[in-house]
Amino acid sequence: RRAMPSHRWAAFADAIAADRTQGEGILRKPSSEINRTMFGSLDAFKSDGVATVPFSLGPKNIAAIREHLEGLPVYAGSHIFSSDRKMRSLADVRASHPLAGYTMDQLIRAPFLVDLFNQSTIVDFVEAYLGCVPTLYSLNAWWSFPARTPEGLNAQYFHRDTDDWRFCTLFLYLTDVDEDGGPHQVVKGSQTLDGMQRLVAAAKARGLDTSGFDTERSFVDYFGKEFSLQCETLFADDVWNGLGPAGTMFLVNTIALHRGLMAKQKPRLVVWARYGLGPNTNSADLEQGTLNSKQVPANLPQTPRNRYINRLLFEA
């Protein structure tokens, strides 16, 4: 998969999803039980790469999650794979580094999160997008503290994620996020080659110099400060800003160009949950083993569907 540009992955994802559906009989919901609350946003999500979840997490739940997380050690970085993997107190990391991240184990054990990430409004929408029953394969949370310069080529600079043939990411804010609070940003439509070509054509029509931007190459070389600056310059009019109070949620196809903008005045705490076709290059099994379901503060019925969706995180 990594040997070809990500804009060519869709045909393979379609074939994998079609094959999966042949063996998913016991896992799929009857049509009458499917939660279609977000289905009106499906076409826009496919074209834009971003969709807002039409409900938010309540303040009591947010407070409980933050209380759980703020008492735990963290590592310096937005993800364990981009850190030195040395756990320290949150205060120590905040004093020395602009990003602080948690382990997947810490998030699986957090109150309310597993239930939220299995909420039918979200999961049924993701299933319709993927074309098969999703696998919840990765959880992450990190703090962005106010800083003078961006940090991390896979965090605060425009880049693409390449976990699976097809996947998407749910983001949850645990702090209020405004323009100065490090909002998540997405270049709408940049997840496809056609979309990139339209974006570049629009930038050229605005009089911008697009001669140094190769649309196809942007699906191969998508890291670096210079690349991010090009995206910021050319596509500023097409950037979606994820703003909102704590509890705000949105889904993103993170093959699209995206970043967490550097926080300027107040810290941001965000959680992600990623859904895909199965184990992949960024999935839970690469970080840790599964937990026993008794260790997880969730109220999920032990159905074959739920066990399948969460099989990389915990088991009965």
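Scroll up to find the structure this text is about.
Residues numbered from 1 in each chain as written. Predicted model: local features only at pLDDT ≥ 70, side-chain atom pairs only at ≥ 80, totals over all residues. Heavy atoms only, no water.

Between its first and last C-alpha atoms helix 9 (residues 193-205) spans 18 Å; for 13 residues at 1.5 Å apiece the expected length is 18 Å, and the two agree. All buried positions along helix 9 are accounted for by Leu 193, Gly 195, Met 196, Leu 199, Val 200 and Ala 203. All buried residues of helix 9 fall inside an arc of 160 degrees around its axis, so they share one side. Residues of helix 9 that are exposed and point more than 90 degrees away from the buried face comprise Arg 198 and Ala 205. If you follow the buried residues of helix 9, they end up packed against strand 6 (184-187) and helix 10 (225-234). The residue sitting at the N-terminus of helix 9 and contributing the capping side-chain oxygen is Thr 192; that oxygen lies 2.9 Å from the backbone nitrogen of Gly 195. (Helix = DSSP H or I, 4+ residues; strand = E, 2+ residues; numbered from the N terminus. Expected span 1.5 Å × (residues − 1). Buried < 20%, exposed > 50% of the residue type's maximum accessible area, 1.4 Å probe, protein only. Arc of directions from axis to C-beta. Contact = heavy atoms within 4.5 Å. Polar contact = N/O pair within 3.5 Å; in protein donor to acceptor, adjacent residues only side chain to side chain.)

In this section: the sheet that holds strand 3 (residues 99-101). Remark on secondary structure: sheet strands pair via backbone hydrogen bonds, oriented parallel or antiparallel. Taking strand neighbours across the sheet as the criterion, the 7 strands line up as 1-8-5-10-4-3-2 in an open arrangement whose pairing is antiparallel. Whereas interior strands pair on both sides, the edge strands pair on one side only; in this sheet they are strand 1 (50-52) and strand 2 (75-76). (Pairing = 2+ DSSP bridges.)

Relative to the assigned elements, Ser 78 resides in the loop between strand 2 and helix 4 (90-96). The sequence separation of Ser 78 and Ala 141 amounts to 63 residues, and the corresponding C-alpha distance is 7.5 Å. Beyond its immediate sequence surroundings of up to four residues, Ser 78 is in contact with Leu 99, Asn 140, Trp 142, Asn 154 and Ala 155.

Reading across the sheet, the 3 strands line up as 7-6-9 and stay open at both edges, with antiparallel pairing between neighbours. Since the sheet does not close on itself, it has two edges, and those belong to strand 7 (239-242) and strand 9 (258-260), each with one partner. Sheet twist, expressed as the mean angle between neighbouring strand axes with direction ignored, is 15 degrees. Direction of pairing for strand 6 relative to strand 7: antiparallel, over a ladder of 4 bridges. Residue Gln 185 lies in a different strand from strand 7, and its bridge partner there is Asn 241. (Axes fitted to C-alpha atoms, helices over the stretch in contact; angles between N-to-C directions.)

Here the focus is helix 7 (residues 120-130). With 9 of its 11 residues buried, helix 7 lies for the most part within the structure. When helix 7 is considered as a whole, its buried residues turn out to be Thr 121, Ile 122, Val 123, Asp 124, Phe 125, Val 126, Glu 127, Tyr 129 and Leu 130. Measuring from the backbone nitrogen of Thr 121 back to the side-chain oxygen at the start of helix 7 gives 2.7 Å, which picks out Gln 119 as the cap. Phi turns positive, to about 95 degrees, at Gly 131, one or two residues after helix 7.

The tally for this structure, following the rule as stated, stands at 12 aromatic pairs. A centroid spacing of 5.7 Å and a plane angle of 75 degrees characterise the contact between Trp 142 and Trp 272, whose relative ring orientation is edge-to-face. In this pair, Trp 142 is assigned in strand 4 (residues 135-144) and Trp 272 in strand 10 (residues 268-276), connecting sequence segments 130 residues apart. For Trp 272, a relative accessible area of 8% corresponds to the buried category. Both rings, one in Trp 240 and one in Phe 250, keep their centres 5.0 Å apart while their planes meet at 70 degrees; by these two values the pair is edge-to-face. Of this pair, Trp 240 sits in strand 7 while Phe 250 sits in strand 8 (residues 249-252), placing them 10 residues apart in sequence. (Phe/Tyr/Trp six-rings, centres within 6.5 Å; stacked < 30°, edge-to-face > 60°.)

The alternating pattern of strand 8 places Met 249 and Leu 251 on one face and Phe 250 and Val 252 on the opposite face, and all of these are buried. Two strands pair when backbone bridges link them, and strand 1 and strand 8 are joined in this way by 3 bridges, in the antiparallel orientation. Pairing of Val 50 across the sheet is with Val 252, part of strand 8. Looking at chain direction, strand 5 (residues 167-173) and strand 8 are connected through 4 bridges and run antiparallel. Bridged to Leu 170 within strand 8 is Leu 251.

Another aspect to go through is the nonpolar core. Nonpolar side chains tend toward joint burial in soluble globular proteins. In terms of nonpolar packing, the biggest core is built from 64 residues, with Ile 108, Phe 117, Leu 139, Leu 170 and Tyr 275 touching the most fellow members. If you tally residues by element for this core, the top one is helix 7, at 6 residues. Beyond its immediate stretch of four places on either side in the chain, Leu 139 contacts Met 104, Leu 107, Ile 108, Phe 117, Trp 272, Ala 273 and Leu 313. By size, the runner-up hydrophobic cluster in this structure holds 15 residues, among which are Leu 193, Leu 199, Tyr 222 and Cys 231. (Core = buried A, V, L, I, M, F, W, Y, C linked by side-chain atoms within 4.5 Å.)

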